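So you can see what is in the structure, the chains are spelled out below.
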Number of protein chains: 2
Amino acid sequence: MQGVKSFVEGRSPMAVDGRRRVISLFAAVAWLVPSHESLAADVAKPPNIVIIFADDLGYGDLGCYGHPTIATPRLDQMAHEGLRFTQFYSAAPVCTPSRAALLTGRYPIRSGMAGNKGRVLFVHSTGGIPASERTLAEELAAAGYQTACVGKWHLGHLPPYLPTENGFDRYFGIPYSNDMGLISGRGKPKKGTPLPLMRDTVTIETEPDQRFLTERYTEEAVSFISEAAAAGRPFFLYLPHSMPHVPLFASKRFAGSSARGLYGDVVETIDWSTGKILDTLREKGLAKSTFVFFTSDNGPWLIYRQHGGSAGPLRGGKGSTWEGGMREPGIAWWPSHIPVGQVSKALGTTMDLYTTCLAMAGVEPPTDRTLDGVDLSPVLFDEDVPSIRPFFYYRGPELFAVRYGPWKLHFKTQSGYGQRTPELHDPPLLFHLEHDPSEQFDVAKDHPDVIATIVEQVERHRKELTPGDPVY
Amino acid sequence: MQGVKSFVEGRSPMAVDGRRRVISLFAAVAWLVPSHESLAADVAKPPNIVIIFADDLGYGDLGCYGHPTIATPRLDQMAHEGLRFTQFYSAAPVCTPSRAALLTGRYPIRSGMAGNKGRVLFVHSTGGIPASERTLAEELAAAGYQTACVGKWHLGHLPPYLPTENGFDRYFGIPYSNDMGLISGRGKPKKGTPLPLMRDTVTIETEPDQRFLTERYTEEAVSFISEAAAAGRPFFLYLPHSMPHVPLFASKRFAGSSARGLYGDVVETIDWSTGKILDTLREKGLAKSTFVFFTSDNGPWLIYRQHGGSAGPLRGGKGSTWEGGMREPGIAWWPSHIPVGQVSKALGTTMDLYTTCLAMAGVEPPTDRTLDGVDLSPVLFDEDVPSIRPFFYYRGPELFAVRYGPWKLHFKTQSGYGQRTPELHDPPLLFHLEHDPSEQFDVAKDHPDVIATIVEQVERHRKELTPGDPVY
């Protein structure tokens, strides 16, 4: 009863729209005229933005999220210097839709990028992110940001869909998953199309040595930061790593370095990489003017056993709508803006990054479409308690579950891989995620009123939802 | 193969005995003559020692060990200022033997305190810790320390076995578990003997209001620290909390404060309490002269559902020899002596606290008996890699499993509660705990040589072991 009370009566809606619109005109134009930049007050200056997006990293895979044998001192330090979310979600349990959500601020079903039966784009796919979507990069570029995507794209690898068609000035990376070339997820040779390593729209290598991918991405990212800093306009770096998605590879420098074995070596390489980015920002004097966010696209790919990660205390992994499939590490860093040493239980999602980054940049978000993200600035800067809002767990185009306040209602469940059809739950399963983070104790029968409230939210969502044409 | 190689050839045994014996005579006598204390160099001065021992707290129940909704800012800060172990063990999966191990530095089977079939001492028990054991408190008291036990004793509640008979100058607390009185683990009234709250050897209250237990223990601990500081001799405070063992109670101040519900309220009270202890040390100017260690007696009592804790990524809980039953948070703090911000994967056990504390105090440990603890000082101060040594997982008087290097071999398994007889494993199950912390992937058939090496360790242990007469 308390749950319903707190989420129905207890809190007033946050004036998200209001906040979004309170944009200093000064801030909005300050860096459009680079020569005037030094005149702008530091607080009003739009920050550089760096989003680091690991692939298949689990909730429990970092030291600061409790992993016993993966050492991530740089990410732990980043968390200690900033804010660590404990209830942060990707908007899908697999790659393609998760990335679409991050870059559009919308549930992937709206853009048609939800995937069929929870699948992703493959080498034979001919589609990609629709031109009608307004990506975060497009919005920031239009407002004067320098933009780069370095790493795994996976939103369409044919020319019309590449990063450079979607707001990024430059691109360097593999446009889809690293198991889609000549090496299988288990690290064995297989038939197929060699992995393309692209610069902008051109394939510059095929089947690159994956041992060096993370280091090459890092080098590219550091170059971009250095060049962008010299150009004097703010920049947006989107760094979606190819790892720790299988097949796993580590360079000589990191191979054998982790007590956790190869998977740990790979995560520790990403830890090193993140440290390198932060060091570069510090060296360039950009630490106080750069917002950095670290998260992952979905949970650990458990069927790969020791080559898959850990969701820590959470149930399930990649491909499922149990918490382990979609709840992720989320670390926000912006020295002297985000207070140090924060741990936040506030709900956050990758879609919120879209809205939050636009708000930081002083950019009005598109008003001609539904956005699902909210501005997380109150959580990051003010320690405000955000209002309660629903979070919808989609597997492909199907709604499987809903979170509202501390409650999660499952209509369907399906393990990520190996279970061919979903299990339907009627009555649905209800878990109190904050009391029972591991989703062990169904309390549906004790809380019919909670269920009714959540079902209302679902009906409202279904009414307003216009699915995009499915992209394959 | 690498595993065997690393643990058989790769490292030389640490000269633990040698280290232990290098005791500055100056240090050993400095505070025996209080008036000379100020003349002693600070580094050579034996520190005050505080051991905080939670009850049934799981590996995953603190913020710094990855719990999503239990807020433990003070313990997180303590870890950040000191060293956090990720592979620290209690020596038994239930209360009584775990406490015996901590205070004697020996596997509880040696003292006869192992318990019958994994059980503990009950209200009708007539035995307790044998007088022949040399407790940590006795050793420290003999060397001039002021000593106090505040909280749950559970090593015998009849007069010959109380803390004041075992080296403690004073005692305040409930001498056994908080579900052994008139309230059941589920918080319901039940028949029985009212819980005694004792001061030294006298019951001063019966069935005290459990909402205030942690706060009363804290108040007592703070008083002891204040008085001991004034007396000018070093002190040893052993603070075994009664909580978060069921039944759970929180005072008005903490009730409803945690997003995790009542269990979280109770853990957050212990977090507050730990902060209060550290604050007191700082206020008295004792932070740099006090070694504080925080851990728990065994894993979470899972059958109590939301009233039980979480082992995080680890398998099993209280009562079992799966990792969740015996691996615990372990946080070491001693400003300006233990370097800040350390996370250590070194093996540590509660038995090592005995040996480590004696080494810090400059006290020669007993030589007339086998001690199982080693001095962890190299881990705490030098970041040395300790030598590989076996760790034996006992359930009651039976050896169920062995850890050696990263490997764990299970001869028997049994869930903590609800499984009446152990499952025997022949061949035994083998897990690589550092690659596979959740004990999911039995790799026995790939590593016969590892198994042979571990079996040798077991044979050696069995040959030298003389079990004590069982205590009931």
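## Side note on unusual backbone geometry
Turning to step 1, where the next piece is worked out: Omega for the bond connecting Val-246 of chain A with Pro-247 of chain A falls within 30 degrees of zero, at 0°, which places this linkage in the cis form.
Turning to step 2, where the next piece is worked out: Considering the arrangement of structural elements, one finds Pro-247 of chain A in the loop between strand S7 (235–240) and helix H9 (262–283).
Turning to step 3, where the next piece is worked out: For Asp-200 of chain B, which is not glycine, the phi torsion reads 55° and is therefore positive.
Turning to step 4, where the next piece is worked out: Following the sequence through the fold, Asp-200 of chain B ends up in the loop between strand S5 (196–199) and strand S6 (202–206).
Turning to step 5, where the next piece is worked out: Given a relative accessible area of 29%, Asp-200 of chain B falls into the partly exposed group.
Turning to step 6, where the next piece is worked out: Phi at Glu-207 of chain B takes a positive value of approximately 45°, unusual for a residue other than glycine.
Turning to step 7, where the next piece is worked out: By secondary structure assignment, the location of Glu-207 of chain B is in the loop between S6 and helix H8 (213–231).

## Details of the sheet that holds strand S14 (residues 423–432) of chain A
The strands making up a sheet are joined through hydrogen bonds of the backbone, oriented either antiparallel or parallel.
All names here are of chain A.
Turning to step 1, where the next piece is worked out: Strand order in the open sheet formed by four strands is S11-S12-S13-S14, with antiparallel pairing between adjacent strands. Here the strands that pair on one side only, and so sit at the sheet edges, are strand S11 (390–395) and S14. Recorded for the sheet is a direction-independent mean angle of 20° between the axes of neighbouring strands.
Turning to step 2, where the next piece is worked out: Sheet topology note: the S11/strand S12 (residues 398–404) ladder contains six bridges and is antiparallel. Bridge pairing in S12 places Tyr-393 opposite Ala-401.
Turning to step 3, where the next piece is worked out: On top of the sheet, helix H13 (residues 448–464) reaches S11, S12, strand S13 (407–413) and S14; it is set at about 125° to S12, its chief contact.

## Overview of the interface of chain B and chain A
When the parts come together, some accessible area is lost, and that loss is often what is quoted as the size of the interface.
Turning to step 1, where the next piece is worked out: Of the residues lining the interface, 30 residues belong to chain B; the matching set on chain A comes to 30 residues.
Turning to step 2, where the next piece is worked out: Summed over both sides, the interface of chain B with chain A buries roughly 2,500 Å², with 59% coming from carbon and sulfur.
Turning to step 3, where the next piece is worked out: Contact with chain A buries area across many residues of chain B, yet Pro-68, His-435 and Phe-441 of chain B alone supply 24% of it, more than any other trio.
Turning to step 4, where the next piece is worked out: There are zero salt bridges connecting chain B and chain A.
Turning to step 5, where the next piece is worked out: Between the two partners, chain B and chain A, sit 11 residue pairs in polar contact (both at pLDDT 80 or more).

## A look at the pairing of S7 of chain A
Residue and element names in this part refer to chain A.
Turning to step 1, where the next piece is worked out: Counting buried residues along S7, six of its six residues qualify, which places the element largely inside the surrounding structure.
Turning to step 2, where the next piece is worked out: By the alternation rule, side chains of S7 split into Phe-235, Leu-237 and Leu-239 and Phe-236, Tyr-238 and Pro-240, which are all buried.
Turning to step 3, where the next piece is worked out: Pairing analysis gives five bridges linking strand S1 (residues 48–54) to S7, with the strands arranged parallel. Across the sheet, the residue bridging to Ile-49 is Phe-236, located in S7.
Turning to step 4, where the next piece is worked out: Examined bridge by bridge, strand S3 (residues 146–150) and S7 share four bridges and lie parallel to one another.

## Description of the relation of the copies chain B and chain A
Turning to step 1, where the next piece is worked out: If you rotate chain B by 180° and push it 0.0 Å along the axis, it lands on chain A with an RMSD of 0.0 Å. Such a turn and shift between the copies fits a two-fold axis. Every residue of chain B has its C-alpha some distance from the rotation axis, and the shortest such distance is that of Gly-66 of chain B, at 2.1 Å.
Turning to step 2, where the next piece is worked out: The overlap is high: 100% of the interface residues of chain B also sit at the interface in chain A, so the same surface is used on both sides.

About the thresholds
Residues numbered from 1 in each chain as written. Chains lettered and ligands numbered in written order. Predicted model: local features only at pLDDT ≥ 70, side-chain atom pairs only at ≥ 80, totals over all residues. Heavy atoms only, no water. Helix = DSSP H or I, 4+ residues; strand = E, 2+ residues; numbered from the N terminus. Buried < 20%, exposed > 50% of the residue type's maximum accessible area, 1.4 Å probe, protein only. Pairing = 2+ DSSP bridges. Axes fitted to C-alpha atoms, helices over the stretch in contact; angles between N-to-C directions. Contact = heavy atoms within 4.5 Å. Buried area = accessible area lost by both parts, 1.4 Å probe. Salt bridge = Lys/Arg side-chain N within 4 Å of Asp/Glu carboxyl O. Polar contact = N/O pair within 3.5 Å; in protein donor to acceptor, adjacent residues only side chain to side chain. Least-squares fit on C-alpha atoms with pLDDT ≥ 70 in both.

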